[in-house]
Amino acid sequence: MEPFEGVDYMNFDSLLTEEERMIRDTAREWVSRRVAPIIEEHHRNATFPDELIPEMAELGFLGASIEGYGCPGLGGVAYGLIMQELERGDSGLRSFASVQGGLVMYPIFSYGSEEQKDRWLPPMGEGKAIGCFGLTEPDFGSHAEGMITRAEDKGDHYLLNGAKMWITNGCVADVAVVWAKIDGRVMGFLVEKGTPGYSTRRQKHKFSLRASVTSELILQDVKIPKENLLPGTENINMKGPLSCLTQARYGIAWGAIGAGMACYDAALKYGADRIQFGRPLNSFQLYQRKLAEMITEITKGQLLNLQVGRLKEAGKMHPSHVSMAKRNGCYWGLEIAREARDMLGANGITDEYVVGRHMCNLESVKTYEGTHDIHTMIIGQRVTGLSAFAN
Amino acid sequence: MQITVCVAVTPSTETKVKVAPDGKSLDVAEVKFELNPYDEFALEEALRLREARGEGQVEVLTVGDGSQKEEIRKCLARGADSAAILKADTSAADSAAIAGALAARIGAGASQVVFFGKQAVDGDNSQVPAHVAVALDWPLVGKVSKLAFDGDSFTAQREIEGGVEIIEGRLPAVFSAEKGLNEPRYPSLKGIMAAKKKPLEEVEVQLEAARVTCLSLGLPPARPEGRIVGEGAAVAAEVVRLLKEEAKVI
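Residues numbered from 1 in each chain as written. Chains lettered and ligands numbered in written order. Predicted model: local features only at pLDDT ≥ 70, side-chain atom pairs only at ≥ 80, totals over all residues. Heavy atoms only, no water.

Thoughts on the overall build of chain B
Helix and strand counts for chain B stand at six helices and eleven strands. Considering chain B as a whole, with its 250 residues, one finds that 43% of them fall into the buried category. Excluding contacts between residues fewer than 6 apart, the proportion of contacts in chain B whose partners are at least 24 apart in sequence is 70%. Accessible surface, chain B: about 13,900 Å² in total, of which carbon and sulfur atoms supply 51%. (Helix = DSSP H or I, 4+ residues; strand = E, 2+ residues; numbered from the N terminus. Buried < 20%, exposed > 50% of the residue type's maximum accessible area, 1.4 Å probe, protein only. Contact = heavy atoms within 4.5 Å. Areas by Shrake-Rupley, 256 points an atom, 1.4 Å probe, with all protein chains shown as cover.)

The structure is reproduced here in C-alpha cells:
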C-alpha cells in the first residue's frame, strides 16, 4: 500500500502542534498499513475488521479524549485528527471508534457512578469490552424525544421495554447505553449483554457502512439493577443523549473530511495516470475544475474543524458550532466522493478504487447523528433565535 | 544496561529527487524528511532488548543541524528513554566525520550495545556503523536479520548470498539492522504524550574535516522509449543483433 501524504493546500500543518502532527501521523500510517489493504474485503463481505480492535486499543484510539482510567486524555484537535485518518480508511472504522468513545465511554465518564466508570472505562479503552448507544427507534429518528422505549421503577429494579434501531456495534456490544423514558423524562441505562429479555438482530443488506455492524436492539421486560441507571442523566432529559451526540458529531465532522481527502487523492492520482485523447485527464480543464473545487472544500473543511476543535479545547464549543462542522463535512465529503466517482469513470464503480465505497458510506454519515436538514435547523435557530422544529 | 540507537533523518522514500543549483546536493525545498526506515528496526530491537532485560535505558543519537527534532521526538514516543542531537553543520560531512561524533559520545558513556539501521537511504554508504565500531574498538555485526542475547553473549543471524550466517560474540558490540529484523511498533498516543517530558538534549559538536568530497550529483539519464522491431520468431535474429551491437548487453 502506498503511503498517504495528506492533503495540505495551505500549510494547515503549521496550525498544529508537534504532538498533534505526531498523533495524526501515527493514525495515518497505521491506516495505510493495516486498514487500507484489508478494508475492501471486509466491505465486500459485510464484516467488521475485528482483528484491528486490539491494535486500535493499543495505540489509544478508543476513548482517546477521556481523561484517566488508562485513557490518553487527548485535546479536541488531536482527537479530531485521529477520526479524520480513521475515516480516510473507512467510515465504518471511524464509526466504531466514535461509538465506543463518544457515545458510550463519554456518557459513562460524564454521567456514570464511580463504580460504573471503574468497571467499564478501562476495559473499553483496552478494546476488551465493546459498547453501543441506543437512542434511535424504528419510528423515531430525527424526533428522538418521541421515543417509545420505557423504563419503570419497580422498587428494587428497573423494567425496560421497547426497541432501538440503526445501532452501530449493537450485536457485538457487551454493554448498551439505552435511552428510555421514565414518567416522560429521558434517562440513560446500562444494559448488559446476556440480560434476559434483551436481544439484538443484525440489520443486513446495507449498501452503506458495510464494514460496520448495524443492529436492532429489542427490550422485552428487561430487568436491570438499580445501579445500572446513569445517575447523572436523571434530571437532564434530552440533554443527556444530545451531549453524547455533540461528541460524536464533532468526530464525524473531521472524519467526513478525511473520507473526502481519500477521494480527492484517488481522483488526483487517477487523473495523472489515465490518458485520454493523448494526454492525462489531469491536464483537462473540466477535470481540473473538479479537483480545484474538491481541494478548496477540503481546505475550508479542515479550517472549520480546526476552529471548532480549538473552541472545544478552550471549553467554548457550542453544539451549534458542531452542527455547522458536521453538516459541512458530510455535505462536502459526499459531494467530493460523488465527483471523484464521476472522474474515475467506469473504474469508479468497482471496488478496485476507494471512491465508490466512500461515496456509499457517506450517505449514512450524512444522515446519522443529525441529518443535514436537522443541522440546518440548529444553525437557523442559533442565528434567528426561532425554532423551526415542529411544536 | 545502557543501549544506544544511532539514527538518521532522511528524505522520505517517496521523494521526487531534484538536484540543487550547485549540482552537488539535493534540492530539499519540497522534501519531506522522516526517520531512516532501517533505523526503525534498530530502535525496535533496542526497545525489545530493554524490555527483555526488564531494566535499562535506550538513548537515541543523531548528528544534524537541529531540524531533526520532530522525528527524534517520535523515537521517544515509540519508547526510547532519552535522545540527543549532536548539532553540527553536516552539509560537507563524510561518514567518518559523522561516526567520529557518535563514537565520542558513546565512548564517553556507559553504553554496551549500539544499534544502527544497515544504511541510511539518502547516501546509501553503509559506512557509519563500521567507522563507529572501529573507533570504539568493538565488534560489528552488520545487516542482522535475527538477534538473541544471553547475558553478555549474543547470537546474530545474517542473510548471505544463498545462505544464512550465524555469528556469536560478546558485548560490547555494534549491530546494524536489516529490514525484517522485527516488526517496529507505532508510537501510541500515551507514548506521544509521554515523549514531551523525556529529555531531548542538543549538544554542539565539532566534526572532523571530511576526507572525501562529493563532486557532483546527477539524475540517471531518462530511459529512451522502447522500439518495436517486429513480430514473431522471424525477428529473433535481429533482436540478438541489436542487443549485441547497439545495446552491447550480450
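Moving on, there is more to tell.
Regarding the overall build of chain A
Check the secondary structure of chain A and you find ten helices and eleven strands. Taken against the 2.2 N^0.38 rule, which gives 21 Å for 391 residues, the C-alpha radius of gyration of chain A at 21 Å falls within 12% of a compact globule. Across its three principal directions, the C-alpha atoms of chain A cover 80 × 45 × 40 Å. Counting the 391 residues in chain A, one finds 57% classified as buried. Sequence-distant contacts in chain A: of pairs separated by 6 or more residues, those separated by 24 or more amount to 74%. Accessible surface, chain A as shown: approximately 16,100 Å² in total, 53% of it carbon and sulfur. (Rg over C-alpha atoms; globule rule 2.2 N^0.38 Å.)

Things to note about the pattern of salt bridges
By the definition in use, this model includes 47 salt bridges over all chains. Note that D153 of chain A is salt-bridged to K226 of chain A, the shortest N-O span being 2.6 Å. Highlighted residues: D153 of chain A in strand β4 (residues 150-153) and K226 of chain A in the loop between β9 (214-225) and α6 (239-273), separated in sequence by 73 residues. Assessed through its relative accessible area of 47%, D153 of chain A is described here as partly exposed. One salt bridge in this structure joins R338 of chain A and E363 of chain A, with 2.6 Å as the shortest N-O distance. Pair noted here: R338 of chain A is in helix α8 (residues 319-343) and E363 of chain A is in helix α9 (residues 355-367), with a separation of 25 residues, a long-range link. We classify E363 of chain A as partly exposed; its relative accessible area is 29%. Taken together, the shared-partner salt bridges connect D13, R24 and D25 of chain A together with E71 and K74 of chain B into one network. (Salt bridge = Lys/Arg side-chain N within 4 Å of Asp/Glu carboxyl O.)

Some words on the environment of V172 of chain A
Residue and element names in this part refer to chain A. Examined against the element boundaries, V172 turns out to sit in the loop between β5 (157-168) and β6 (175-182). Considering only alpha carbons, one finds V172 and T200, 28 residues apart in sequence, at a separation of 9.0 Å. In contact with V172, not counting residues within four places along its chain, are I130, K193 and V213.

A few points about a nonpolar patch on the surface
Residues V229, V239, V240, L243, V249 and I250 of chain B make up a contiguous nonpolar surface patch of roughly 460 Å² in combined accessible area. Inspection of the secondary structure assignment puts V239 of chain B in helix α6 (residues 236-245). (Patch = residues over 30% accessible without salt bridge, like charges linked within 9 Å, V, L, I, M, F, W, Y side chains within 5 Å.)

Quick look at the domain arrangement of chain A
All names here are of chain A. Splitting chain A by domain gives domain 1 (12-125), domain 2 (131-233) and domain 3 (239-384). The gap between the C-alpha centroids of domain 1 and domain 2 is 23 Å. Between domain 1 and domain 2, the contact holds 27 residues from the first and 23 residues from the second. For the pair domain 1 and domain 2, the summed buried surface comes to about 1,900 Å²; carbon and sulfur atoms form 65% of the total. When residues of domain 1 are sorted by the area they lose upon contact with domain 2, Y111, Q116 and W120 head the list and together hold 27% of the total. Across the domain 1-domain 2 interface, the total number found is one salt bridge. Where E192 meets R119, a salt bridge forms, and the shortest distance between an N and an O atom there is 2.8 Å. In this assembly, domain 1 and domain 2 are joined by eight residue pairs in polar contact (both at pLDDT 80 or more). For the side of domain 1 that touches domain 2, the secondary structure elements donating two or more residues are α1 (18-45), α4 (91-111) and α5 (114-125). The element contributing the most residues to the side of domain 1 that touches domain 2 is α4, with eleven residues. The residue inventory of the side of domain 1 that touches domain 2, partitioned by class, reads 13 nonpolar, eleven polar and three charged. (Domains from an automatic or database assignment. Buried area = accessible area lost by both parts, 1.4 Å probe. Polar contact = N/O pair within 3.5 Å; in protein donor to acceptor, adjacent residues only side chain to side chain. Nonpolar A, V, L, I, M, F, W, Y, C, P; charged D, E, K, R; others polar.)

As for the pairing of β5 of chain A
Residues and elements named next belong to chain A. With four bridges connecting them, β4 and β5 associate as antiparallel partners. Bridging from a neighbouring strand, A151 pairs with L160 of β5. Connecting β4 to the next strand, β5, in antiparallel fashion are three residues, including G155 with a positive phi near 85°. (Pairing = 2+ DSSP bridges.)

Side note on the state of the cysteines
Taken as a whole and judged by the stated rule, the model has zero disulfides over all chains. There is no disulfide at C71 of chain A, and the cysteine sulfur nearest it, in C244 of chain A, is 16 Å away. (Disulfide = S-S within 2.5 Å.)

Things to note about the sheet that holds strand β9 (residues 163-170) of chain B
Residues and elements named next belong to chain B. A sheet is described by the order of its strands in space; here nine strands give the open sequence β9-β8-β7-β10-β6-β1-β4-β5-β11, paired in mixed fashion. The open sheet has two edge strands, β9 and β11 (200-204), and neither has a second partner. Here the strands of the sheet are splayed against their neighbours by 30° on average, with no regard to which way each runs. Relative to strand β5 (residues 82-87), strand β4 (residues 57-64) is paired through six bridges, and the arrangement is parallel. Within the sheet, the bridge partner assigned to V60 lies in β5 and is A83. (Axes fitted to C-alpha atoms, helices over the stretch in contact; angles between N-to-C directions.)

Brief notes about the interface of chain B and chain A
The partner chain A presents 23 residues to the 16 residues of chain B that form the contact. Both sides together, the interface formed by chain B and chain A hides about 1,800 Å², and carbon and sulfur atoms give 58% of it. When residues of chain B are sorted by the area they lose upon contact with chain A, E70, Y186 and L189 of chain B head the list and together hold 40% of the total. The interface formed by chain B and chain A holds five salt bridges in total. When the shortest N-O distance is used, the salt bridge between R73 of chain B and E18 of chain A registers 3.3 Å. Counting across the chain B and chain A interface gives six residue pairs in polar contact (both at pLDDT 80 or more). Sorting the residues of the side of chain B that touches chain A by element identifies α2 (69-78) and α5 (189-195) of chain B as the ones contributing at least two each.

Looking at helix α7 (residues 285-313) of chain A
Spanning 29 residues, α7 of chain A covers 42 Å between terminal C-alpha atoms, matching the ideal 42 Å at 1.5 Å per step. Where α7 of chain A ends, the next residue or the one after it, G315 of chain A, has phi of about 75°, a positive value. (Expected span 1.5 Å × (residues − 1).)

What to know about the packing of aromatic side chains
The final tally for this structure, using the stated rule, is 13 aromatic pairs over all chains. Both rings, one in W30 of chain A and one in F61 of chain A, keep their centres 5.7 Å apart while their planes meet at 80°; by these two values the pair is edge-to-face. Here the residue W30 of chain A occupies a position in helix α1, and F61 of chain A occupies one in the loop between α2 (53-59) and β1 (67-68), the gap between them amounting to 31 residues. Neither W30 of chain A nor F61 of chain A differs from the other in exposure class; each is buried. Ring centres 5.2 Å apart and planes at 85° place the aromatic pair Y331 of chain A and W332 of chain A in the edge-to-face group. Site record: aromatic cluster; members linked through ring pairs are F115, F149, F154 and F175 of chain B. (Phe/Tyr/Trp six-rings, centres within 6.5 Å; stacked < 30°, edge-to-face > 60°.)

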